[in-house]
Amino acid sequence: MDDTRTETAISDSDAFAASWDEPQKSALSQAELDKLTDDLIEALKTVYDPEIPVDIYELGLIYKVDVSDDRDVLVEMTLTAPGCPVAGEMPGWVEAAVMKVEGVRSARANLVFDPPWDSSKMSDEAKLALNMF
């Protein structure tokens, strides 16, 4: 039996290649995403390192916030020092603050130490509050 058909892998098709060039549509509209972003920033600004009178957002401890289409929030954050006495508690504080934002389905905060935190990550507002200008 002569089988002359050729098999083409889906990844070789023009449609597949073109789909990677198109922007992916989000389930959240831009207006929803903008509001959620503002609300998440406000929530993160309610969390303080107990030893420093500045919130963790202005301190530059928040490295990344990802929001899924289902409104699951993943926060990558760091600490001012790896030996911080609240290292075990602060991710829970961040998760609790994020969960207070309307519409958030779940929250997870992961500690990362690369890149290491330094004072250059602080906002001008934080530097002013700490007399670091």
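Residues numbered from 1 in each chain as written. Predicted model: local features only at pLDDT ≥ 70, side-chain atom pairs only at ≥ 80, totals over all residues. Heavy atoms only, no water.

## Regarding the pattern of salt bridges
Right, on to step 1. All told, the structure shown has seven salt bridges when counted by the stated rule.
Right, on to step 2. Residue K64 is joined to E76 by a salt bridge in which the shortest nitrogen-to-oxygen separation is 3.9 Å. Residue K64 is found in strand β1 (residues 62-67), and its partner E76 is found in strand β2 (residues 72-77); the two are separated by twelve residues along the sequence.
Right, on to step 3. Relative accessible area serves as the criterion here: at 38%, K64 is assigned to the partly exposed category.
Right, on to step 4. Its relative accessible area of 25% is what places E76 among the partly exposed residues.
Right, on to step 5. A salt bridge links R105 to D72, with the nearest nitrogen and oxygen atoms 2.6 Å apart. Placement of R105 in the loop between α4 (90-99) and β3 (106-111) and of D72 in strand β2 is noted, with a sequence separation of 33 residues between them.
Right, on to step 6. Judged by relative accessible area, D72 falls into the buried class, the value being 19%.
Right, on to step 7. What emerges from the salt-bridge pattern is a single network uniting K64, D66 and E76. (Salt bridge = Lys/Arg side-chain N within 4 Å of Asp/Glu carboxyl O. Helix = DSSP H or I, 4+ residues; strand = E, 2+ residues; numbered from the N terminus. Buried < 20%, exposed > 50% of the residue type's maximum accessible area, 1.4 Å probe, protein only.)

## Here we look at the layout of surface pockets
Right, on to step 1. In this structure, the largest pocket spans a volume of roughly 170 Å³.
Right, on to step 2. Forming the walls of the largest pocket are L33, T37, L40, I41, L44, Y57, I62, V65, D66 and V67.
Right, on to step 3. Among the secondary structure elements, those contributing two or more residues to the lining of the largest pocket are α2 (30-44) and β1.
Right, on to step 4. When residues of the lining of the largest pocket are assigned to their parent elements, the largest contribution, five residues, is made by α2.
Right, on to step 5. Within the lining of the largest pocket, the residues separate by chemical class into eight nonpolar, one polar and one charged. (1 Å grid on protein atoms, 1.4 Å probe; cavity = no way out; pocket = protein on both sides within 12 Å on 5 of 7 lines; lining within 4 Å. Points joined across faces, edges and corners; volume = space filled by probe spheres on them. Nonpolar A, V, L, I, M, F, W, Y, C, P; charged D, E, K, R; others polar.)

## What about the environment of F113?
Right, on to step 1. Along the chain, F113 turns up in the loop between β3 and α5 (124-129).
Right, on to step 2. Overall, the relative accessible area of 39% leaves F113 in the partly exposed class.
Right, on to step 3. Sequence separation between F113 and P82 is 31 residues; the distance between their C-alpha atoms is 7.4 Å.
Right, on to step 4. Ignoring sequence-local partners within four residues, the contact set of F113 consists of T78, L79 and P82. (Contact = heavy atoms within 4.5 Å.)

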